[in-house]
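Structure assessment
For reference, the chains in residue letters:
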Amino acid sequence: MLAAYADHFDAAHPLAGLKVGERPVPEPPDGWARVRVVAASLNHHDLWSLKGGEAMRQRGGAGLSEADLPRILGMDAAGITEDGAEVILHPLIATPAFGVLSGRYDGTFAEQVCVPRANLVPKPAALGWEEAACLPTAWLTAWRMLFEKAKVPAGGAILVQGASGGLSTALVMLAKAAGLRVYVTGRSAASRAFGLSIGADAAVETGGRLPERVDAAMDSVGPATWEHSLKCLKRGGVMVVPGGTTGYSATVDIARLFTMDLTIVGSAMGSRAQLEALVGFCAERGLRPPVARVLPLAQAKAAFTALEEGEAAGKIILRP
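The following paragraphs examine the structure supplied in this document. A quick note: this is a predicted structure, and the numbers were derived from the prediction, not measured. The written sequence of each chain sets the order in which its residues are numbered from 1. The predicted origin of the model limits local features to residues at a pLDDT of at least 70 and limits the giving and counting of side-chain atom pairs to 80 or more, whereas totals for whole chains, interfaces and linings rest on all residues. To get the side-chain values, all heavy atoms of the structure are used, and hydrogens and water are removed first.

Structural notes on the packing of helix α4 (residues 135–150) against helix α5 (residues 166–177)
What counts, and what does not: Axis lines are fitted to C-alpha atoms, over the contacting stretch for helices. Their N-to-C directions set the angle, which ranges from 0 to 180 degrees. Each helix corresponds to a stretch of at least 4 residues labelled H or I by DSSP, and each strand to a stretch of at least 2 residues labelled E; elements are numbered beginning at the N terminus. For classification purposes, angles smaller than 35 degrees are called roughly parallel, those larger than 145 roughly antiparallel, those between 65 and 115 roughly perpendicular, and all remaining angles oblique. In this scheme, a crossing is called left-handed if the near helix is turned counterclockwise away from the far one by less than a right angle; it is called right-handed if the turn is clockwise. Residues count as neighbours in contact if any of their non-hydrogen atoms are within 4.5 Å of one another. Under the convention adopted here, Pro, Cys and the residues Ala, Val, Leu, Ile, Met, Phe, Trp and Tyr are nonpolar, Asp, Glu, Lys and Arg are charged, and Gly plus all remaining residues are polar.
One way to put it is that α4 packs onto α5 with a least axis distance of 8 Å and a crossing angle of 50°. As far as their axial angle goes, α5 and α4 are oblique. Read as a crossing pair, α4 and α5 show a hand that is right-handed. The segment α4 lies against α5, with Ala138, Trp139, Thr141, Ala142, Trp143, Met145, Leu146 and Phe147 engaging Gly166, Leu167, Thr169, Ala170, Leu171, Met173, Leu174 and Ala175. Classifying every residue of the contact of α4 with α5 gives 13 nonpolar, 3 polar and no charged.

Here it is as structure tokens:
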């Protein structure tokens, strides 16, 4: 079957290790299902996987090792099981060993993928294939950040650092659907305009002054924006951190932390039950993840290039 996979690592030039070619059709073990992938979406995790474990460890994370190669990439997908069910895949696998698709297990950038049956979430007819494929990582992470970690009061306000990435898009659209006021930052006029187009109440330059202090700051950028995020919080506010695109080591103004009674909390993806709740919420509220580009799986390198260059507002989709 055709697949996009990591063949070797190159921290300086990660796309050099991306190969598109034939891989064996996977055989599902007991309790697993084989799914024909209809659509799969890219995440920055896929790009970092190509840099290898050492590059990830330098940022405080974990990654693939040489022993894991070749590894089919991709965490997110929607597809059809062998018995005809239309499903969305939850990428976090608990057994037989804890791991994620494209990490410990082969991922979704292939014509077929195997996952535990417990990881299958029914795809509602209201969601298209590309839209459904956007949900399992970025949108699920946003869902947990907003509704489990931040616990923003009704009618409250949040800051989203970054305006056009997949996670930022999900945070803005979910928060607006929940009746919150949303402010975004963006490095470019185009990214700020995109943030406004999907519902943000205001968009400012990175580090800019907001119209008001917020109940929660959603910061996946890291050291470059931590100070700004903390300054934007009202007393008793919370900063939710799902990662750090600018690095994993940051300093904190301890005086501000305790005098303003602030909280910093980490958040990572979400459960299968939360994915099911997210899918139902999107179908019911008419939320449709913006799709920037749809490419055939054979053009995976072009998709990864667009992700690396940050030229896409919304998710990039591969279709086998």
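A short note on the nonpolar core
Counted only if it meets this: The term nonpolar core refers to a set of buried residues drawn from Ala, Val, Leu, Ile, Met, Phe, Trp, Tyr and Cys, joined through side-chain atoms within 4.5 Å. Think of it in three bands: residues with accessible area under 20% of the maximum for their type are buried, residues over 50% are exposed, and the middle band is partly exposed, with areas taken using a 1.4 Å probe on protein chains only.
In this structure, Leu135, Trp139, Ile158, Leu174, Met218 and Leu278 are the most contacted members of the largest nonpolar core, which totals 52 residues. When residues of this core are assigned to their parent elements, the largest contribution, 9 residues, is made by α4. If sequence neighbours within four positions are ignored, leucine 174 has contacts with Trp139, Ala142, Trp143, Leu146, Phe147, Leu278, Phe281 and Leu287. Counting 37 residues, the second-largest nonpolar core is a separate cluster that includes Leu42, Val87, Val115 and Ile316.

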